[in-house]
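Breakdown of the fold
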Amino acid sequence: MGGRGSAPVTRRTVVRGAAWAMPVVVLAAPARAFAASCTYDVVILNTLLAGSLSGFDMLVKDTKYDAVPSTTALFITGTKMPVLQFLVTCNGQPAAGVQVAVANDGQTDIEGIPLVKFVSPTITTNVLEGTVVPSPYLGTTDATGRVNVAVATATFQGPDLKPRDGTFTVTIGGQTKTFTYRVFDGIPLS
């Protein structure tokens, strides 16, 4: 072909070059398969504050109303909205940048107010009882697989049955885990 000493490109040369390109495609396929086969798990990191010793995943007093949510507020005493701290893992490893949906079970008090509402932990104002919030609450895990969610509650009136037990769900990547809660009026469990 060209008279300068270069060998012509043969079909064998083209096939040999294509063989080197194949491992890139082969290696990419297992990565996609791994992501699709992720088994998510979620745990509450601040279980002692949330009330796990009581037999519930979340034991919360019904009068959380005063000011900004707090990661140090107790769930069973005080007036600040407590913050649940979740850890999300994928096949046992922290899952960063994953959307998390936290939903209540739809139970309401006698006035029709949801017993529990899940809201942003960074809000700057109080979530009053009548404040309508979307359910589920959507958050995204940070680089360590953690996501925080504040918990607002209804205020029981005299005719309300108490305490009230229920469930809430956390959904990640189409996989759902159910947790239990108890909302009570007064201390310890009146």
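Please read these numbers as outputs of a predicted model, since none were measured by experiment. (Residues numbered from 1 in each chain as written. Predicted model: local features only at pLDDT ≥ 70, side-chain atom pairs only at ≥ 80, totals over all residues. Heavy atoms only, no water.)

When helices and strands are counted, the protein shows two helices and ten strands. For the protein, the sequential pattern of α-helices and β-strands runs α-β-α-β-β-β-β-β-β-β-β-β. Here the protein holds 190 residues, and 36% of them are scored as buried. Considering only intrachain contacts with a sequence separation of at least 6, the fraction spanning at least 24 residues in the protein is 66%. Carbon together with sulfur atoms contributes 62% to the accessible area of the protein, which is approximately 10600 Å² in total. (Helix = DSSP H or I, 4+ residues; strand = E, 2+ residues; numbered from the N terminus. Buried < 20%, exposed > 50% of the residue type's maximum accessible area, 1.4 Å probe, protein only. Contact = heavy atoms within 4.5 Å. Areas by Shrake-Rupley, 256 points an atom, 1.4 Å probe, with all protein chains shown as cover.)

This next bit is on the environment of Val119. Along the chain, Val119 falls in strand β6 (residues 116–119). Expressed as a C-alpha distance, the spacing of Val119 and Gly139, which sit 20 residues apart in the sequence, is 9.4 Å. Every residue in contact with Val119, bar those within four places of it in the chain, is listed here: Met81, Val127, Val133, Tyr137, Val149 and Ala150.

Here the focus is the state of the cysteines. Counted according to the given criterion, the structure contains one disulfide. A disulfide bridge connects Cys38 with Cys90, and the sulfur atoms are separated by 1.8 Å. Taken as a pair, Cys38 in the loop between α1 (11–36) and β1 (40–44) and Cys90 in strand β3 (residues 83–90) lie far apart in primary sequence, 52 residues in all. What makes Cys38 buried here is its relative accessible area of 7%. (Disulfide = S-S within 2.5 Å.)

To continue, consider the side chain of Arg182. Along the chain, Arg182 falls in strand β10 (residues 175–184). Looking at Arg182, its side chain comes within polar contact range of the side chain of Asp165, at 2.6 Å. (Polar contact = N/O pair within 3.5 Å; in protein donor to acceptor, adjacent residues only side chain to side chain.)

Turning to the pairing of β10, a few remarks are in order. Looking along a regular strand, one sees the side chains alternate between the two faces of the sheet. Inspection of the sheet shows strand β2 (residues 58–61) paired to β10 by four bridges, in the parallel sense. Bridged to Met58 within β10 is Tyr181. Where strand β9 (residues 164–172) meets β10, nine bridges bridge the pair, whose relative direction is antiparallel. Bridging across to β10, Phe168 finds its partner in Phe179. (Pairing = 2+ DSSP bridges.)

On to the pattern of salt bridges, then. A complete count under the given rule lists two salt bridges for this structure. Residue Lys177 pairs with Asp41 through a salt bridge whose shortest N-O separation is 3.3 Å. With Lys177 in strand β10 and Asp41 in strand β1, this residue pair connects regions lying 136 residues apart in the sequence. Of the charged contacts in the structure, one is a salt bridge between Arg182 and Asp165, with a shortest N-O distance of 2.6 Å. Of this pair, Arg182 sits in strand β10 while Asp165 sits in strand β9, placing them 17 residues apart in sequence. A relative accessible area of 37% means that Asp165 is categorised as partly exposed. (Salt bridge = Lys/Arg side-chain N within 4 Å of Asp/Glu carboxyl O.)

Examined against the element boundaries, Gln85 turns out to sit in strand β3. Along the chain, Gln85 and Ile44 lie 41 residues apart, while their C-alpha atoms are 5.7 Å from each other.

Let's shift gears to the environment of Pro82. In this fold, Pro82 is placed in the loop between β2 and β3. Residues Pro82 and Val68 lie 14 residues apart in sequence; the distance between their C-alpha atoms is 9.2 Å. Discounting residues that sit within four places of it in the chain, Pro82 has contacts with Val60, Lys64, Ser70, Ala73, Leu74, Phe75, Val149, Ala150 and Val151.

Keep in mind that most residues, glycine aside, have a negative phi and that most peptide bonds are trans. Cis geometry marks the peptide bond from Ser135 to Pro136, where omega comes out at 10°. Its location among the elements puts Pro136 in the loop between β6 and β7 (137–140). Following Lys162, the chain continues into Pro163 via a peptide bond in cis, with omega recorded as -5°. Looking at the element boundaries, Pro163 is found in the loop between β8 (146–153) and β9. With a phi close to 50°, Asn91 is a non-glycine residue in the positive phi region. Position of Asn91 among the secondary structure elements: in the loop between β3 and β4 (93–94).

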